[in-house]
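Survey of secondary and tertiary structure
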Amino acid sequence: MQAYRDAFTLMRIPFSVYLMPVFWFALSVLEQVSISRAIVVFLILHLLVYPASNGYNSYYDRDEGSIGGLKNPPKVNRQLMHLVLLFDVLAIVLSLFLSPLFAALVALYLLISKAYSYEGIRLKKYPILSTVVVTFFQGAFTFAMVQVGVGSPVAEITNWPNTGFALVSTLFLYGSYPLTQIYQHEEDRRRGDKTLSLLLGINGTYLFAAISLLIGSGLLLWLYFTSDQLQNIIIFIVATAPVLYFFSSWFVRAQRNAAAVNYENTMLMNKISSVCISVAFIMMLVYKQL
């Protein structure tokens, strides 16, 4: 039982909170949302799909240092793969109750996420390719997958400005993804994983993140402006102000002391941005429904 408890810990279910903004974003731009279907989609993604991906990546990475959501992870064991396969099957089977298309998208997401760490492919070794794949599938692909899951017509999902909003979700991931790697340079270098953050360096990672987040925010605000959703502009700017403040202060501290580029600050950055952006989109969703 201890082995399964350690394996369950490596599934890192609480870490799924960092991917919540895409879910709320996808719902916030829809005219009508089925609450019951949205709850099921949320549970499938955050309690099954994301943890299955986390566990599989941990199985092949076998990290000895801190990883996302776990400062001191337990050792990997074979029971971890048992849980990963169980979560995979449950995610796909439950998705079928919503729609075959949603189940197919979930299955594709699970396969792509495994290619990230699987030793025979290991996209993680290729900084540009892995960044493009991860940010697309965790961003625009998941954005559309959520909308399919809640029953939105495909024609609505593939129309502008919905595709523009989907692009924004990927741009936000472009900004946050390399920041999750910024404290792992030594371990990634030792394993031979050429992550984007390692390629860019510390300052390059901050600059890349700032540019991506700026472009994504600019496009989002423009889409809100051109679709007469001025209230969403105000909500987004106010709700994400703490993100801008922490990111800027973290960068300044990192210039003065390289020790500021650590696991604790990375996780805090992820937590603040995830919560603030989620709150912004939830407020937009509630405003639209009321």
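Here the structure is shown first, and the text comes after it.
This report concerns the structure included in the present document. Predicted model, so just to flag it, every value in this text is computed and none were measured.

A cluster of nonpolar side chains, contributed by Leu 86, Val 89, Leu 90, Val 93, Leu 94 and Phe 97, occupies part of the molecular surface with about 560 Å² of accessible area. Tracing the backbone through its elements, the reader meets Leu 94 in helix α4 (residues 78–96). For Leu 94, a relative accessible area of 38% corresponds to the partly exposed category.

Bringing the nonpolar core into the picture now. In terms of nonpolar packing, the biggest core is built from 71 residues, with Phe 25, Leu 27, Val 49 and Leu 220 touching the most fellow members. Here the element with the most residues in this core is helix α3 (residues 35–61); it accounts for 10 residues.

What follows deals with unusual backbone geometry. In this model, Trp 160 is joined to Pro 161 through a cis peptide bond whose omega is 10°. For Pro 161, the location among the structural elements is in the loop between α7 (154–157) and α8 (162–176). Despite not being glycine, Arg 12 has its phi angle at roughly 55°, a positive value. Its identity is not glycine, yet Asp 228 carries a phi of approximately 55°, on the positive side. On the accessibility criterion, Asp 228 (66% relative accessible area) is exposed.

Inspection of the secondary structure puts Thr 135 in helix α6 (residues 127–149). A polar side-chain atom of Thr 135 sits 2.6 Å from the main-chain carbonyl oxygen of Thr 131. Aside from chain neighbours lying at most four places away, what touches Thr 135 is Ala 140, Thr 170, Leu 173, Tyr 174 and Tyr 177.

One way to put it is that α3 packs onto α6 with a least axis distance of 9 Å and a crossing angle of 135°. One finds that α3 runs oblique with respect to α6. Across the interface between the two elements, Arg 37, Val 41, Leu 45 and Tyr 50 of α3 pack against Thr 142, Met 145, Val 146, Val 148 and Gly 149 of α6. Broken down by class, the residue content of the contact of α3 with α6 amounts to six nonpolar, two polar and one charged.

Below, the discussion takes up the pattern of salt bridges. According to the stated counting rule, one finds one salt bridge in the structure shown. The partner of Asp 88 in a salt bridge is Lys 114, with the nearest N and O atoms 3.0 Å apart. With Asp 88 in helix α4 and Lys 114 in helix α5 (residues 100–115), this pair connects stretches of sequence that are 26 residues apart. The pair formed by Asp 88 and Lys 114 is uniform in burial state, with each residue classed as buried.

On to the environment of Glu 119. Following the sequence through the fold, Glu 119 ends up in the loop between α5 and α6. Taking the C-alpha atoms as reference points, Glu 119 and Asn 232, separated by 113 residues in sequence, lie 44 Å from one another.

Further remarks concern the packing of aromatic side chains. Tallying each qualifying case throughout the model produces 19 aromatic pairs. Relative to Trp 24, the ring of Phe 23 lies with its centre 5.0 Å away and its plane at 80°, an arrangement referred to as edge-to-face. Relative to Phe 42, the ring of Phe 23 has its centre 5.2 Å away and its plane inclined at 70°; by these criteria the two rings are edge-to-face. With Phe 23 in helix α2 (residues 20–28) and Phe 42 in helix α3, this pair connects stretches of sequence that are 19 residues apart. With relative accessibility at 3%, the residue Phe 23 sits in the buried group. Across from the ring centre of Phe 15, 5.5 Å away, lies the NZ or CZ of Arg 12, which sits over that ring.

Thresholds, definitions, all that
All residue numbers here refer to positions counted from 1 along the written sequence of the relevant chain. Whole-chain, interface and lining totals are the exception, using all residues; otherwise, since this is a predicted model, local features are given only for residues with pLDDT of at least 70 and side-chain atom pairs are given and counted only at 80 or more. Excluding hydrogens and water, the side-chain values take into account all heavy atoms of the structure. Residues form patches when they are more than 30% accessible in relative terms and have no salt bridge. Like charges link within 9 Å. Nonpolar side chains (Val, Leu, Ile, Met, Phe, Trp, Tyr) link within 5 Å. Note on areas: these come from Shrake-Rupley sampling with a 1.4 Å probe, and a residue is covered only by the protein chains present in the view. What counts as a salt bridge is simple: a side-chain nitrogen of Lys or Arg found within 4 Å of a carboxyl oxygen of Asp or Glu. Here a helix means four or more residues in a row that DSSP labels H or I, a strand means two or more in a row labelled E, and each is numbered from the N terminus. For each residue, the accessible area found with a 1.4 Å probe, counting protein chains only, is set against the maximum for its type, and the residue is called buried under 20%, exposed over 50%, and partly exposed in between. In this text, buried Ala, Val, Leu, Ile, Met, Phe, Trp, Tyr and Cys residues form a nonpolar core when linked through side-chain atoms within 4.5 Å. The term polar contact refers here to a pair of N or O atoms within 3.5 Å; inside protein, the definition further demands a hydrogen-donor-capable atom paired with an acceptor-capable atom, and it admits residues adjacent in sequence only when both atoms are side-chain atoms. Throughout, a residue-residue contact means that at least one pair of heavy atoms, one from each residue, lies within 4.5 Å. A fitted line through C-alpha atoms serves as each axis, taken over the contacting stretch for helices, and the angle formed by two N-to-C directions is quoted from 0 to 180°. Angle categories: roughly parallel below 35 degrees, roughly antiparallel above 145, roughly perpendicular from 65 to 115, and oblique for all the rest. Amino acid classes used here: Ala, Val, Leu, Ile, Met, Phe, Trp, Tyr, Cys and Pro are nonpolar; Asp, Glu, Lys and Arg are charged; the rest, including Gly, are polar. In this scheme Phe, Tyr and Trp rings, the latter by its six-membered ring, pair at centre separations within 6.5 Å, and the angle between planes marks the pair as stacked below 30 degrees, edge-to-face above 60, and tilted otherwise. Here, a charge over a ring means that NZ of Lys or CZ of Arg falls within 6 Å of the ring centre while also lying within 35 degrees of the ring normal.

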